[in-house]
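Understanding the architecture of this molecule
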Amino acid sequence: MKKIYNYKKSIIFFVLILWPFIFLFPLTFKIIVMGNDFDLVYFSYKKYIVELFFEGAMPLWSPSEAAGYPLIFNPFAQFFYIPGWINFLVYFIKNQITLNDYLNYTIFSLSIYSVGLYLWLKELKVSFWPAFTAVLIVCCSLKLTEILRFPNAAHASAWFPWTLYGITLASNFKKKINSFLIIFFSFLFILTAGYPYFIVYSIFLFLPYTVFISLNTTRKKLLLSSDLEGEHKPTFFKFNLLCGSAFILSSLVALPWLLKVKFLMGLTTDRVINNWQFATTHEFYWIDTLGSWLFPPASSTEGWYYFGIISTILIFFLITNLFLKKVKDDKQKFIVISSVIWILFITYFSWGKHSLLFSWAWHN
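Keep in mind the model is a prediction, meaning the values are calculated, not measured. (Residues numbered from 1 in each chain as written. Predicted model: local features only at pLDDT ≥ 70, side-chain atom pairs only at ≥ 80, totals over all residues. Heavy atoms only, no water.)

**Considerations on the pattern of salt bridges**
Taken as a whole, this structure holds five salt bridges when the rule is applied. Put simply, Lys94 and Asp101 hold a salt bridge, and the shortest N to O gap is 2.9 Å. Of the residues examined, Lys94 reaches a relative accessible area of 39% and is grouped as partly exposed. Classification of Asp101 by relative accessible area gives buried; the value is 15%. The shortest N-O distance in the salt bridge between Lys143 and Glu146 comes to 3.3 Å. One end of the pair, Lys143, and the other, Glu146, are both in helix α7 (residues 142-146), three residues apart, so they sit about a helical turn from each other. Linked by salt bridges that have partners in common, Lys143, Glu146 and Arg149 make up one network. (Salt bridge = Lys/Arg side-chain N within 4 Å of Asp/Glu carboxyl O. Buried < 20%, exposed > 50% of the residue type's maximum accessible area, 1.4 Å probe, protein only. Helix = DSSP H or I, 4+ residues; strand = E, 2+ residues; numbered from the N terminus.)

**Structural notes on unusual backbone geometry**
With a phi angle near 65°, Lys30 is a residue other than glycine that sits in the positive phi range. With respect to the secondary-structure elements, Lys30 resides in the loop between α2 (25-28) and α3 (38-53). With phi around 65°, Lys125 is a residue other than glycine that occupies positive phi space. Secondary-structure assignment places Lys125 in the loop between α5 (99-123) and α6 (128-139).

Just distances and angles here, no functional claims.
Right, dumping it as C-alpha cells:
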C-alpha cells in the first residue's frame, strides 16, 4: 500500500515539475525567445562564469565593465546560488550552454515553486484536487511567468512557498529537523538568488506568517491533525525559536556576501539612495489596484500584482459563495477572512506616498 502511495506521489511531483515547460512550450522549444535584460544582463554572466570554469579558471573579476568589476559580488552573476550550479552540469553534459538552456533553467524555477506550493497546501490539510488545481493555475499565472525575464527574481520567488511549507511543518515537532532544514536552505536560496528586492519583500510575508501560524487559534483552524497533540505540539516560544533560529542562521551564512553586494550597489546605482521623490515617482494608487485585478492596462506596470483573470474569477466566486450562501466550513471562513485582511494590509502599503503606513515605514 505504501509503495502505491509513493508511486502516486512521484507521478504528482513529475506532473508539477513538467507542467511549466508544457504550458510555456513556445519558450521551452525555442519557438520564441525571451527579451528584456534576459540575455545581456543575466545570461552573459552565467555563460562567462561557466565557460571560464571549464577552462580551468574561477572568474571572480569582470574586466570588461568600466575599469573592472568584482563579479563575485555582482548579484546578477548569482555566484553563490547553489541551484544555479545546474548550469555547470548542463555545460558538462553538452560541452556548451546556450540561451535556450538558460531559459529552461529559468522556467525550472516555476517547477520548484509548484512543488513547494503543493507541499505547503497539503501541510495545511487542503485536499488533493483543490491543491493540485490551484498550483497548476498559479504557476502559469501572468505575474509568475512575467518575471521569467528576470531569472534571479524567478528563482528567488521559487523558494517562497518552500519557506512557508517549512514554517508550517514546524507546527509538528516530530518534524522539527526537517522544518529547520527546509527553512534554512529555502531562505538561504532567496538571499543568494541575486534579487535583493525579494529579500525586503520576504520580511512582510515570513515574519507575520510565522507569528500567525504559531497561534493556537490558527493551528486549531488550519492544522487538523492528531500529530499536533502532546509533546509534538510546540509552545509559542519553541515554535518561534525553531523558525527564528533557521532564519537567523541562513542570514548569517549569507551576510558577508550580502554586505559586499550592498556596498557595491551603493557605489554603482541610484536605487539605494534614500530619496523620497525618486522612490515615489511611479504612482500606484487605488485605481491601479483595481486595474491590476480587473483590467491590467488601467494599472501602472511599475506596481501591479495581477495574477490572471482565472485567479480573479475563482477568488470572486469563493468569497461570494462564502458570504451569500453562508458556508458553514469554519476552516474555509478562517482562510478567506485572514487572507482578505492580509491582502488589504499589503494593498494599502503598496499605495506609496498615498499610504500613511508606507510613509511611516519609510521615515522610520
